[in-house]
Amino acid sequence: MSTDRRLRRLVVDGTVWHWTVRQRVRPAYEDCRLSLSFFTEGYRAGTGRRLTLVFAPGPRRIVSNTYFEAGTVMRLPDRADLNLHEPGTARRLLDAAAPALDLRPSVRDVEVDGWPCFDEVVAGPEAVA
């Protein structure tokens, strides 16, 4: 089984973001995590920012841990799922989570629970009426 740890590039309204998906597997499933991280240009040089969406298993929330395709998060009972490795999914999640950066403008590393963003992305624009 290969790991997909490459750093990808995404341009949104002239801002260049690099993004990656990481999986933390622990013996106890409840301690496993999937994270989707976005970095702006200059992050490693100390001038950019990082936004990380963390997905942890919970009631009616599943993160891939060798049973599902790598990078998959799923909500039960409707079995709605997203694969964090897909560029379109990453872009929609970035759009949903970006307001967290505005709430903490002086914080360089912003970490948020990914599940509310998941719900927003899965609901889509047709659910907002």
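Higher on the page you've got the structure.
Figured I'd write up the structure that's included with this text. (Residues numbered from 1 in each chain as written. Predicted model: local features only at pLDDT ≥ 70, side-chain atom pairs only at ≥ 80, totals over all residues. Heavy atoms only, no water.)

1. Here's the deal with the packing of aromatic side chains
Alright, step 1. All chains considered together, the criterion is met by four aromatic pairs.
Alright, step 2. Taking 6.3 Å as the distance between ring centres and 85° as the angle between the ring planes, the aromatic pair formed by Trp-17 and Phe-38 counts as edge-to-face. With a gap of 21 residues between them, Trp-17 in strand E2 (residues 15–24) and Phe-38 in strand E3 (residues 33–40) connect regions that are remote in the sequence. Neither Trp-17 nor Phe-38 differs from the other in exposure class; each is buried.
Alright, step 3. Aromatic side chains Trp-115 and Phe-118 sit 5.2 Å apart centroid to centroid with 65° between the ring planes, which places their arrangement in the edge-to-face category. (Phe/Tyr/Trp six-rings, centres within 6.5 Å; stacked < 30°, edge-to-face > 60°. Helix = DSSP H or I, 4+ residues; strand = E, 2+ residues; numbered from the N terminus. Buried < 20%, exposed > 50% of the residue type's maximum accessible area, 1.4 Å probe, protein only.)

2. Notes on the pattern of salt bridges
Alright, step 1. Evaluated as defined, the whole model comprises five salt bridges.
Alright, step 2. Each of the salt bridges in this network shares a partner with another, and the network as a whole consists of Arg-61, Arg-75, Asp-78 and Asp-119. (Salt bridge = Lys/Arg side-chain N within 4 Å of Asp/Glu carboxyl O.)

3. Quick notes on the sheet that holds strand E6 (residues 72–75)
Alright, step 1. The three strands are arranged E5-E6-E7 in an open sheet whose pairing can be described as antiparallel. Unpaired on one side and paired on the other, strand E5 (61–63) and strand E7 (80–83) mark the two borders of the sheet. Averaged over neighbouring strand pairs, the angle between their axes works out to 15° when direction is ignored.
Alright, step 2. Pairing between E6 and E7: four bridges, direction antiparallel. If you follow Val-73 over to E7, its bridge partner there is Leu-82.
Alright, step 3. Packing of helix H3 (residues 115–123) onto the sheet brings it into contact with E5, E6 and E7, and relative to E6 it is tilted by some 75°. (Pairing = 2+ DSSP bridges. Axes fitted to C-alpha atoms, helices over the stretch in contact; angles between N-to-C directions. Contact = heavy atoms within 4.5 Å.)

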